[in-house]
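# Topology and contacts: notes
Single-letter residue listing:
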Amino acid sequence: MELVAGCYEQVLFGYSVRREREADGHREKWTPVADFTHHAHTGSLSAVAVNSRFVVTGSKDETIHIYDMKKKIEHGALVHHNGTITCLKFYGNRHLISGAEDGLICVWDAKKWECLKSIKAHKGHVTFLSIHPSGRMALSVGTDKTLRTWNLVDGRSAFIKNIKQNAHIVEWSPKGDKYIVVTVNKIDIYQLDTASVSGTLTSEKRVSSVTFLSESVLAVAGDEEYVRFFDCDSLMCLCEFKAHENRVKDILSLDISEHRVLVTASSDGLLKMWKLNQDKKIPPSLLCEVNTKARLTCLGVWLDNMTDKKESLPAAAEYSVSEAELSKTSPEELGDEVQEEKQSEPLAKKRGLTGDPDEPKRENTPGSPKKRKMTKVLAKKKKKKKLQLM
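Before going into details, it helps to say that this report is about the structure given with it. Residue indices begin from 1 for each chain and proceed along its sequence in written order. Per-residue local features of the predicted model are confined to residues with pLDDT of at least 70, and side-chain atom pairs are confined, for both listing and counting, to 80 or more; whole-chain, interface and lining totals are unaffected and use all residues. To get the side-chain values, all heavy atoms of the structure are used, and hydrogens and water are removed first.

## Details of the overall build of the protein
A count of helical and extended segments in the protein gives one helix and 30 strands. Think of it in three bands: with a 1.4 Å probe and only protein chains considered, a residue is buried below 20% of the maximum accessible area for its type, exposed above 50%, and partly exposed in between. The buried share among the 390 residues of the protein stands at 53%. As displayed, the protein has an accessible area near 18700 Å², and 48% of this comes from carbon and sulfur atoms. Numbering of helices and strands runs from the N terminus, with a helix taken as a DSSP run of H or I at least four residues long and a strand as a DSSP run of E at least two residues long. All accessible areas in this document rest on Shrake-Rupley with a 1.4 Å probe, and a residue is counted as covered only by the protein chains that are shown.

## Digging into the nonpolar core
To form a nonpolar core, buried Ala, Val, Leu, Ile, Met, Phe, Trp, Tyr and Cys residues must be joined to one another through side-chain atoms within 4.5 Å. Residues Tyr179, Ile180, Val181, Ile187, Val210 and Leu218 are the most contacted members of the largest nonpolar core, which totals 27 residues. Secondary structure elements with two or more residues in this core: strand 13 (137-142), strand 16 (169-172), strand 17 (178-183), strand 18 (186-191), strand 20 (207-212) and strand 21 (217-222). Residue contacts are counted whenever heavy atoms from the two residues lie within 4.5 Å of one another. Leaving out residues up to four positions away in the same chain, isoleucine 187 has contacts with Ile180, Val181, Val182, Gly199, Thr200, Leu201, Val207, Val210, Leu218 and Val220.

## Observations regarding the packing of aromatic side chains
Here is the rule: rings of Phe, Tyr and Trp (six-membered ring for Trp) pair when centre to centre is within 6.5 Å. Planes less than 30 degrees apart are stacked, more than 60 are edge-to-face, and the remainder are tilted. Throughout the structure, instances matching the rule amount to six aromatic pairs. Arranged with centres 5.1 Å apart and planes meeting at 65°, the rings of tryptophan 172 and tyrosine 179 form a pair that is edge-to-face. Of the two residues, tryptophan 172 and tyrosine 179, neither departs from the other in class, the shared state being buried.

## Comments concerning the pattern of salt bridges
Whenever a carboxyl oxygen of Asp or Glu lies within 4 Å of a side-chain nitrogen of Lys or Arg, that contact is scored as a salt bridge. For the structure on display, the rule yields 13 salt bridges. Glutamate 28 is paired through a salt bridge with arginine 19; the nearest N and O atoms lie 3.2 Å apart. Owing to a relative accessible area of 25%, glutamate 28 belongs among the partly exposed residues under this scheme. Where lysine 72 meets aspartate 35, a salt bridge forms, and the shortest distance between an N and an O atom there is 2.7 Å. Taken as a pair, lysine 72 in the loop between strand 6 (64-68) and strand 7 (73-78) and aspartate 35 in strand 3 (residues 28-38) lie far apart in primary sequence, 37 residues in all. Accessibility expressed as a relative area gives 34% for aspartate 35, which makes it partly exposed. Put simply, Glu204, Glu224, Arg228 and Glu240 are held in one network by salt bridges that share partners.

## Quick notes on unusual backbone geometry
It is generally the case that most residues other than glycine have a negative phi and that most peptide bonds are trans. Here glutamine 10, not a glycine, exhibits a phi torsion of approximately 75°, which is positive. On the secondary structure map, glutamine 10 appears in the loop between strand 1 (2-7) and strand 2 (12-21). Overall, glutamine 10 belongs to the partly exposed group, its relative accessible area being 24%. In this structure, lysine 293 takes a positive phi of about 60° despite not being glycine.

## Quick look at the pairing of strand 7
A large share of strand 7 lies buried, amounting to six of its six residues. Strands are labelled as partners when DSSP assigns at least two bridges between them. Where strand 6 meets strand 7, five bridges bridge the pair, whose relative direction is antiparallel. Bridging across to strand 7, tyrosine 67 finds its partner in glutamate 74. Where strand 6 folds back on strand 7, the antiparallel hairpin that results is connected by four residues, among which lysine 72 adopts a positive phi of roughly 60°.

## Concerning the sheet that holds strand 18
Read from one edge of the open sheet, four strands run 16-17-18-19, paired in antiparallel fashion. Of all the strands in the sheet, the pair left with one neighbour each is strand 16 and strand 19 (196-202). The mean angle between the axes of side-by-side strands here comes to 20°, regardless of whether they run parallel or antiparallel. Convention adopted: a line fitted to C-alpha atoms gives each axis, helices being fitted over their contacting stretch, and angles between N-to-C directions are expressed from 0 to 180 degrees.

## Some remarks on the environment of arginine 228
Within the secondary structure layout, arginine 228 lies in strand 22 (residues 226-231). Excluding residues within four positions of it along the chain, arginine 228 makes contact with Glu204, Leu218, Ala219, Val220, Cys237, Cys239 and Glu240. Of note is the side chain of arginine 228, whose polar atom sits 2.6 Å from the side chain of glutamate 224. Within the structure, the side chain of arginine 228 is placed 2.7 Å from the side chain of glutamate 240, a separation counted as a polar contact. Counted as a polar contact is a pair of N or O atoms within 3.5 Å, where, for protein atoms, one must be capable of donating a hydrogen and the other of accepting one, and residues adjacent in sequence contribute only when both atoms are in side chains.

## Quick notes on the sheet that holds strand 1
One open sheet accounts for four strands, arranged 3-2-1-28; its pairing is antiparallel. Taken across any chain shown, the strands that pair with only one partner, and hence form the sheet edges, are strand 3 and strand 28 (296-302). Strand-to-strand, the axes of this sheet are offset by a mean angle of 25°, without reference to chain direction.

## Focus on the pairing of strand 19
Put simply, side chains in a regular strand alternate between the two faces of the sheet. Where strand 18 lies against strand 19, six bridges are found, and the strand directions are antiparallel. Paired with lysine 186 across the bridge in strand 19 is threonine 202. Once strand 18 ends, the chain turns through four residues before running back antiparallel as strand 19, passing alanine 195 with a positive phi of about 55°.

## A look at empty space enclosed by the protein
Summary: where empty space remains is shown by rolling a probe the size of a single water molecule over the atoms. Note on definitions: the grid is 1 Å and covers protein atoms alone; a cavity is a set of points where a 1.4 Å probe fits but cannot get out; a pocket is an open set with protein on both sides within 12 Å along at least five of seven lines; lining residues have an atom within 4 Å of a point. Grid points are joined across faces, edges and corners, and a volume is the space filled by probe spheres set on the points. The tally for this structure, following the rule as stated, stands at two cavities of 30 Å³ or more. By volume, the second largest cavity amounts to about 30 Å³. Every residue lining the second largest cavity is listed: Ile97, Ile105, Leu129, Ala138, Leu139, Trp150 and Leu152. Only Asp, Glu, Lys and Arg are considered charged, only Ala, Val, Leu, Ile, Met, Phe, Trp, Tyr, Cys and Pro nonpolar, and every remaining residue, Gly among them, polar. Tallied by class, the residues present in the lining of the second largest cavity amount to seven nonpolar, no polar and no charged.

## A closer look at the side chain of aspartate 102
Among the secondary structure elements, aspartate 102 is positioned in the loop between strand 9 (95-100) and strand 10 (104-109). By the counting scheme adopted, Arg and Lys are positive, Glu and Asp are negative, and His together with the chain ends is not counted. Look at aspartate 102: it is buried, it has no salt bridge, and the nearest opposite charge is lysine 120 at 6.3 Å. Within the structure, aspartate 102 has its side chain in polar contact with the side chain of histidine 81 (distance 3.2 Å). A distance of 2.8 Å separates a polar side-chain atom of aspartate 102 from the backbone nitrogen of asparagine 82. Not counting residues up to four positions away in its chain, the partners in contact with aspartate 102 are His81, Asn82, Lys120 and Gly124.

Put into structure tokens, the structure is as follows:
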């Protein structure tokens, strides 16, 4: 298990978390150990996403970098957006979706790293996107004050809903029966079957990150030291706890073995892991923490034994959007064409995840284009020589 976190200082940190039984044999000790630091970007990091093999990072330098966590090398870079990369989301092991300040949403093949579709999604910046658990649609919000529903197969806008303010977060619940939209310190909860607001949560400070702990419980972090758990049905605050000494920038939750874990990252430089209780009215207990000594902006957790049943987005024949479910939103097609992309910019050469610019670059790795070309040339020469002998 690896904690990865990006920061304003342009560095990606990696910490391997070791789990060991203590002497009494009952309690388990979680210990984060520094694994790597990598300084690939020339701007602060703004987004991180992980799947079973790769970690990808987005930055203000307008690039997306890919890291192979199995081999611990940089796999390359994607250069397509113009503007800060604002959001990155994997769906299974086959697709990556990116959004940026240029208003584009790009769908990438995460095997060949080709740009499959480039969609002019918003008239302003794309501030956030979220993929439905089925993979059949996605939601995005932008600085044009719209919430847009996307058909991920044909890359076209299915529905557009105008909202009063610029939203900066949108998130589906685990089952996809509801979704939340965040504008500054207000969280609107929408029900999918009616596409209308069923309730509103208000935070004291600007909301910086949210994560669903269950279908009805939402964890909320903002420009303060506290994390709060809310019930989306009753709209009650179940509990709050002081997680950091400075504002909490990013949070996520996941299941690790028999544990439900919350991970938090803060501007105070600390990465923390918390063990959640079954009763969400009880604050979580701290499992471990590590001080990166950097101003953290985003985080992810890579599991070395991660398996994902969601291999890829559904084929076109499988996709259909129920108009009845979203009947309260107003249909409207974008005027911009969907651009089909055969190939993104060439991937950068692979190199170790050390951040050391003097480290030799691995130009002739077995899977590199240069190596494959050399192999083909040698094979042709060998075949030609054999024909001459005959």
